[in-house]
Amino acid sequence: MSEYKAELLIPDEENQSFRNELATVTEEGKRRWIYPKKPSGRFYNARNIISAILLLILVVTPFIKINNRPLMLFDFLNRKFILFGIYFGPHDFHLFVIAMIATIVFIILFTAIFGRVFCGWACPQTIFMEMVFRKIEYWIEGNARDQIKLNTQPMNANKFSKKFIKHLVFFGIAFFISNIFLAYIIGMDELIKIITDRPSEHVQGLIAITIFSGVFYFIFSSFREQVCTIVCPYGRLQGVLLDRDSIVIAYDNVRGEPRGKIIKDEDQSHLGDCIDCYQCVVVCPTGIDIRNGIQLECVNCTACIDACDDIMDKIKKPRGLIRYASTNSIEKKTKWTLTPRAISYSLLLTVLLGVLTFLLLNRSDFSINVLRTPGLLFQEQPDDIVSNIYDLNIVNKSFDEIPIALRLENIQGELKLIGKEIIMKPQEIVDAKFLVLLSKNELLKMNTPIDIGIYNKDKLITKITTSFLAPMRKKAEK
Ligand code: SF4
Ligand code: SF4
C-alpha cells in the first residue's frame, strides 16, 4: 500500500498541504509517471458525451463541402484559408489581425470569468489524452493499481503482449489523427489522392503523415500531461489571467479544514468535512493535490469533483467540497458578479466583434488595385495623343472563373490591356498592365482624374478613380 501511495503522489504525512516541486518531476529532476485512477461520476459522464460530439465534429468537418468546396481549410503552405465556405487569403490580413485580437480578448475574458473550463471540456489535447488514449490504456492494462503492478514487474509474455497491443493501437490512432490533421491543411480530396495513388507520387505527403503520426504518438504515449504543464502557453498564462473572482475548480478549504481521517468512537466535531482520503489526488491526471489551492497544472478536468462527491455521498455530507467556485465565493461567501475587469474586456470585445462583422459583411469577392506605374509620368504619342501606363492587381476571392474587362468611364479615350485578356481562375491573383490613351483636347490640366470600370463580362464590379498625367499646356493652346 505504501508503494502505491508513493506512486500515486500522495504527499507524506508531514508534507500534506503544500507542494514545493512539480508533481511530475522527482527531486533528482527525473520524470515521475502519473497513474491516475479511472474517474467516474456525473461530470465524467457529461465530459464523455461532449467529447464524443467534439470528436465527431473534428473528424467529419474535413468531409463537408459547400458547393463542392471544403467547409474548412487551413492551407498554410499556400496561404489559403476557407472558413465556413468563405475563402480568405493574404489580402485579408487585416481581418486576420482583428480576428486574432478579438480571439485573444475573448480568451482573456473567458478565462477571467470561467477559468480553464476550455482545457477540461474542449481542448483537443485533453480530449484525446483523457477520453481516447487513457481509456484504451485502462481497457488494455487495467486501472491505476494494475498499471503500476504491470510496470514494476519484469518483462514476461503477459506484459509484452499488453504493451505491444497498447502501443500498436496508440500508433494506429495517432496515424488516424495525423490524416485528419492533414485533411484540414491540404483538403480531403488531396488526402484521398495521397492514400489511393502510388506512394512514389506523393512522397512529401507521406513524409508529412509519418512525421505527424510520430509526433502524436509521442505526445499521447509518452509526453502526455507535460504538454499542459510545460508547453502550452495558455496554461502558463493562468497566473495573470485568473483572479479571485474567476470560477475555477476549487477546494472549499473553509468547509473542509481542518481535515482529518475518520476515527471510530472519537469526537471529531472540531474537524472539517475533508476526511483526508486522497481520492481527489489519485484521480488527478496531472498529479496535483487540489487542496493546495489553484495550481497551473490543473486542467479543470473535473475528476477530483466526481471523486470527492462520491466520498461525500458515502459519509453523508453535502456534495461540492470540491466544486466550480471562485476564491472570493469560498472565502467571503460572496455571490458571483461581473467585475470591472470583465466589463471592460466585454466592451472591448463587443467593439472588436462589431468592426469584424462590419468588415466581413462588406467584404467583396474581389480586391482590386490600380496604380500608375511608378517612375513613369506620361508618353507623348503621334496625333496629339498622350498615354499613361498603369499597374493592375486583382484578387479573385470567389470560387468562380471570371473574365475581366476594363473600360474608361468618364472620358473619351482608349484603354489597351498589355498582354492577353484576363480570365481569372478561382482564388487567383493577377498582375497586369494597361495603357490609357487620351487626346490632348480632353486634357485641360496636368493631372486629370479618370474613372476605370472593372467588369465581369458586362457586370460592373467596381469603379476605380485614378489620375492621368499630361504635359503642361501653353496658354495659347488653352
Ligand atoms: S486538480 Fe482536479 S480538475 Fe485539476 S487536473 Fe487534477 S483532477 Fe483535474
Ligand atoms: S476527496 Fe474530498 S474528502 Fe477526500 S481528500 Fe479530497 S477533498 Fe478531502
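Rules of the game
- Residues numbered from 1 in each chain as written.
- Chains lettered and ligands numbered in written order.
- Predicted model: local features only at pLDDT ≥ 70, side-chain atom pairs only at ≥ 80, totals over all residues.
- Heavy atoms only, no water.
- Near = heavy atom within 4 Å.
- Nonpolar A, V, L, I, M, F, W, Y, C, P; charged D, E, K, R; others polar.
- Helix = DSSP H or I, 4+ residues; strand = E, 2+ residues; numbered from the N terminus.
- Contact = heavy atoms within 4.5 Å.
- Expected span 1.5 Å × (residues − 1).
- Buried < 20%, exposed > 50% of the residue type's maximum accessible area, 1.4 Å probe, protein only.
- Arc of directions from axis to C-beta.
- Bend = angle between axes of the 7 residues up to and from the residue.
- Pairing = 2+ DSSP bridges.
- Axes fitted to C-alpha atoms, helices over the stretch in contact; angles between N-to-C directions.
- Salt bridge = Lys/Arg side-chain N within 4 Å of Asp/Glu carboxyl O.
- Core = buried A, V, L, I, M, F, W, Y, C linked by side-chain atoms within 4.5 Å.
- Phe/Tyr/Trp six-rings, centres within 6.5 Å; stacked < 30°, edge-to-face > 60°.
- Lys NZ or Arg CZ within 6 Å of the ring centre and 35° of its normal.

Participant: What should I look at first to understand the site of ligand 2 in this one?
Facilitator: If you check the shell around ligand 2, you find Tyr-251, Cys-274, Ile-275, Asp-276, Cys-277, Tyr-278, Cys-280, Arg-291, Cys-308, Met-312, Leu-321 and Ile-322 and nothing else. Of the residues that constitute the shell around ligand 2, the class distribution is 10 nonpolar, no polar and 2 charged.

Participant: Quick question: what am I supposed to make of the side chain of Thr-373 here?
Facilitator: With respect to the helices and strands, the residue Thr-373 is situated in the loop between strand 8 (366–372) and strand 9 (379–381). Sequence-distant contacts of Thr-373, that is, excluding residues within four places in its chain, are made with Ile-389, Tyr-390, Asp-391 and Lys-433.

Participant: Can you help me understand the site of ligand 1 in this one?
Facilitator: Of all residues adjacent to ligand 1, which total 13 residues, the nearest are Cys-284, Cys-298, Val-299, Cys-301 and Cys-304. Here the shell around ligand 1 is composed, by residue class, of 10 nonpolar, 3 polar and no charged.

Participant: Any chance you could explain helix 2 (residues 42–60) here in plain terms?
Facilitator: Structural remark: α-helix, 3.6 residues per turn; residues separated by three or four positions point the same way. Look at helix 2: 27 Å from first C-alpha to last across 19 residues, which is about the 27 Å you get at 1.5 Å a residue. Taken together, the buried positions of helix 2 are Phe-43, Tyr-44, Arg-47 and Ser-51. The arc that holds the buried residues of helix 2, viewed along the axis, is 80°, so those residues lie on one side. Seen from the buried face of helix 2, the exposed residues on the opposite side, beyond 90 degrees, are Ile-49 and Leu-56. Check the buried side of helix 2 and you find it contacts helix 4 (117–121), helix 5 (124–141), helix 15 (303–314) and strand 7 (322–325).

Participant: Please explain helix 5 as it appears in this structure.
Facilitator: Between its first and last C-alpha atoms helix 5 spans 23 Å; for 18 residues at 1.5 Å apiece the expected length is 26 Å, and the two agree. At Arg-134, helix 5 is bent by approximately 35°, the largest bend along its length. In terms of burial, helix 5 is largely enclosed, as 15 of its 18 residues are buried. One or two positions beyond helix 5, positive phi appears at Gly-142, with a value near 95°.

Participant: In this structure, what is going on with the sheet that holds strand 5 (residues 86–88)? I would like to understand it.
Facilitator: Think of a sheet as strands paired side by side through backbone hydrogen bonds, with each pair either parallel or antiparallel. Across the sheet, 3 strands lie side by side as 3-4-5; this open sheet has antiparallel pairing. The open sheet has two edge strands with one neighbour each: strand 3 (72–75) and strand 5. Adjacent strand axes in the sheet meet at a mean angle of 25° when their direction is disregarded. Pairing of strand 3 with strand 4 (residues 80–83), which is carried by 4 bridges, proceeds in the antiparallel orientation. The residue bridging Phe-74 from the neighbouring strand is Phe-81, located in strand 4.

Participant: Explanation requested: the pattern of salt bridges in the structure shown.
Facilitator: Pairing between side chains of opposite charge can happen when the charged atoms of each approach one another. What the rule picks out here adds up to 25 salt bridges. The shortest N-O distance in the salt bridge between Arg-31 and Glu-225 comes to 3.3 Å. Here Arg-31 is found in the loop between helix 1 (2–7) and helix 2, whereas its partner Glu-225 is found in the loop between helix 9 (203–223) and helix 10 (226–231), with 194 residues between them in sequence. For Arg-31, a relative accessible area of 33% puts it in the partly exposed group. For the salt bridge of Arg-255 with Asp-273, the shortest nitrogen-to-oxygen distance reads 2.6 Å. Of this pair, Arg-255 sits in helix 13 (residues 253–256) while Asp-273 sits in the loop between helix 13 and helix 14 (279–282), and the two are 18 residues apart along the sequence.

Participant: Looking at this structure, I do not really get the nonpolar core. What am I missing?
Facilitator: Among the nonpolar cores identified, the biggest contains 27 residues, and Leu-392, Ile-404, Phe-434, Val-436 and Ile-450 are the most heavily contacted of them. Going through the elements one at a time, strand 8, strand 10 (385–396), strand 11 (402–408), strand 13 (422–424), strand 14 (429–439), strand 15 (447–456) and strand 16 (459–469) are the ones with two or more residues in this core. The leading source of residues in this core is strand 14, at 5 residues. Residues contacting Val-436, with those up to four places away along its chain left out, are Val-386, Ser-387, Asn-388, Tyr-390, Leu-408, Glu-414, Leu-415, Ile-450 and Phe-468. Counting 22 residues, the second-largest nonpolar core is a separate cluster that includes Ala-23, Cys-280, Ile-290 and Ile-311.

Participant: How should the packing of aromatic side chains be read in this particular structure?
Facilitator: Within a pair of aromatic rings, the relevant descriptors are the distance that separates the centres and the angle that separates the planes. Counted under the stated rule, the structure contains 16 aromatic pairs. Measuring from centroid to centroid gives 5.1 Å for Phe-110 and Phe-114, while their planes differ by 50°, and the two rings are tilted. Of the two residues, Phe-110 and Phe-114 are both situated in helix 3 (residues 93–114); the distance of 4 residues between them amounts to about one turn of the helix. Classification of Phe-110 by relative accessible area gives partly exposed; the value is 26%. Seen from their ring centres, Phe-218 and Phe-223 are 5.6 Å apart, and the 20° between their planes marks the pair as stacked. Residue classification places Phe-218 among the partly exposed positions, given a relative accessible area of 44%. Each member of the aromatic cluster is reached from another via a ring pair, and the members are Phe-128, Phe-133, Phe-170 and Phe-220. Over the ring of Tyr-278 we find Arg-291, and its NZ or CZ is 5.1 Å from the ring centre. The positively charged end of Arg-407 is found above the aromatic ring belonging to Tyr-455, 4.0 Å away from the centroid.

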